[in-house]
Amino acid sequence: MHLLKDIAIKDSVTLYENSTWDEAYFLFLKNRIDILPILDKYFHVIGIITKSDIIKYQAKRIDPTIPIKKNLLTSIVTVIEDIPIIDILKSYSSSIFPIAIVNNRNEFSGLVTTEVI
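Residues numbered from 1 in each chain as written. Predicted model: local features only at pLDDT ≥ 70, side-chain atom pairs only at ≥ 80, totals over all residues. Heavy atoms only, no water.

Q: So what exactly am I meant to see when it comes to the packing of helix H2 (residues 21-31) against helix H3 (residues 51-60) here?
A: Here H2 crosses H3 at 135 degrees, and the two axes come no closer than 11 Å. Here H2 is positioned oblique relative to H3, judged by the angle of their axes. As H2 runs across H3, the sense of the crossing is left-handed. Where H2 approaches H3, its residues Trp 21, Asp 22, Ala 24, Tyr 25 and Phe 28 are matched on the opposing element by Lys 51, Asp 53, Ile 54, Tyr 57 and Gln 58. Along the lines of polarity and charge, the residues of the contact of H2 with H3 split into 6 nonpolar, 1 polar and 3 charged. (Axes fitted to C-alpha atoms, helices over the stretch in contact; angles between N-to-C directions. Helix = DSSP H or I, 4+ residues; strand = E, 2+ residues; numbered from the N terminus. Parallel < 35°, antiparallel > 145°, perpendicular 65-115°, else oblique. Left-handed = near helix turned anticlockwise from the far one by under 90°. Contact = heavy atoms within 4.5 Å. Nonpolar A, V, L, I, M, F, W, Y, C, P; charged D, E, K, R; others polar.)

Next up, the structure:
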């Protein structure tokens, strides 16, 4: 039986809640990513930034020096990494992806996207 931790993208680029929108924008450009998990100082996932969030950030002309946590636009579902993949597929629709995978201390350990399922 395969668990979420078996398919999670473990080398995800992340950013911390006190980072700025400019830092997030730079990471999107540098790493060519679609999703950027945002973590607190305890490595807990507090949200994500997507490409569309970056577009909204630019359109709204948010002060680029403001910490991301003050304007997080997208929430994310978090699930314990030891759950079988089949249980997630049975319980949730595809609209919940991406899913942040966390360990038993609720620390970020990876992402599961529709591409890896």
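Q: For this particular structure, what's the right way to read unusual backbone geometry?
A: Positive phi is not limited to glycine here, since Phe 43 has a value of about 70 degrees. With respect to the helices and strands, Phe 43 occurs in the loop between strand S2 (35-39) and strand S3 (45-50). Residue Asn 106 is not a glycine yet carries a positive backbone phi of 65 degrees. Residue placement: Asn 106 occurs in the loop between strand S5 (99-102) and strand S6 (108-112).

Q: Please clarify how H3 should be interpreted in this entry.
A: The periodicity of an α-helix, 3.6 residues per turn, causes residues three or four positions apart to be oriented the same way. Considered for burial, the residues of H3 that qualify are Asp 53, Ile 54 and Tyr 57. Summarising the axial view, the buried residues of H3 lie within an arc of 100 degrees, below the 170-degree limit, and thus occupy one face. Among the exposed residues of H3, those pointing more than 90 degrees away from its buried face are Ile 55 and Ala 59. With its phi angle positive at about 55 degrees, Arg 61 sits one or two positions after the end of H3. (Buried < 20%, exposed > 50% of the residue type's maximum accessible area, 1.4 Å probe, protein only. Arc of directions from axis to C-beta.)

Q: Explain the sheet that holds S5 to me, please; I cannot follow it from the model alone.
A: Strand-to-strand pairing in sheets goes through backbone hydrogen bonds, with the strands running parallel or antiparallel. Judged by pairing direction, the sheet is mixed, and its 3 strands sit side by side in the order S4-S5-S6 without closing on themselves. What marks the edges here is a single partner per strand, and that holds for strand S4 (77-80) and S6. If you compare each strand with its neighbour and ignore which way they point, the axes differ by 35 degrees on average. Bridge analysis of S5 against S6 gives 4 bridges, and the strand direction is antiparallel. Bridge pairing in S6 places Ala 100 opposite Leu 111. (Pairing = 2+ DSSP bridges.)

Q: Where do I start with the pairing of S5 in this structure?
A: Successive side chains on a regular strand alternate, one facing one side of the sheet and the next facing the other. The alternating pattern of S5 places Ile 99 and Ile 101 on one face and Ala 100 and Val 102 on the opposite face, and all of these are buried. Where S5 hands over to S6, the hairpin turn is made up of 5 residues, of which Asn 106 adopts a positive phi near 65 degrees.

Q: Please explain the sheet that holds strand S1 (residues 15-16) as it appears in this structure.
A: Spatially, 3 strands are ordered S1-S2-S3 in an open sheet, and the strand pairing comes out mixed. The sheet terminates laterally at S1 and S3, the two strands that pair on one side only. Sheet topology note: the S2/S3 ladder contains 5 bridges and is antiparallel. In the strand pairing of S3, Pro 37 is matched with Ile 48.

Q: Whenever I open this one, H2 confuses me. Can you help?
A: Those residues of H2 that fall on the buried side of the exposure criterion are Trp 21, Ala 24, Leu 27 and Phe 28. All buried residues of H2 lie within an arc of 120 degrees about the axis, which places them on one face of the element. Facing away from the buried side of H2 by more than 90 degrees, the exposed set consists of Leu 29 and Lys 30. Contact partners of the buried residues in H2: S1, S2, S3 and H3. Looking at the residues trailing H2, positive phi occurs at Arg 32, about 50 degrees.

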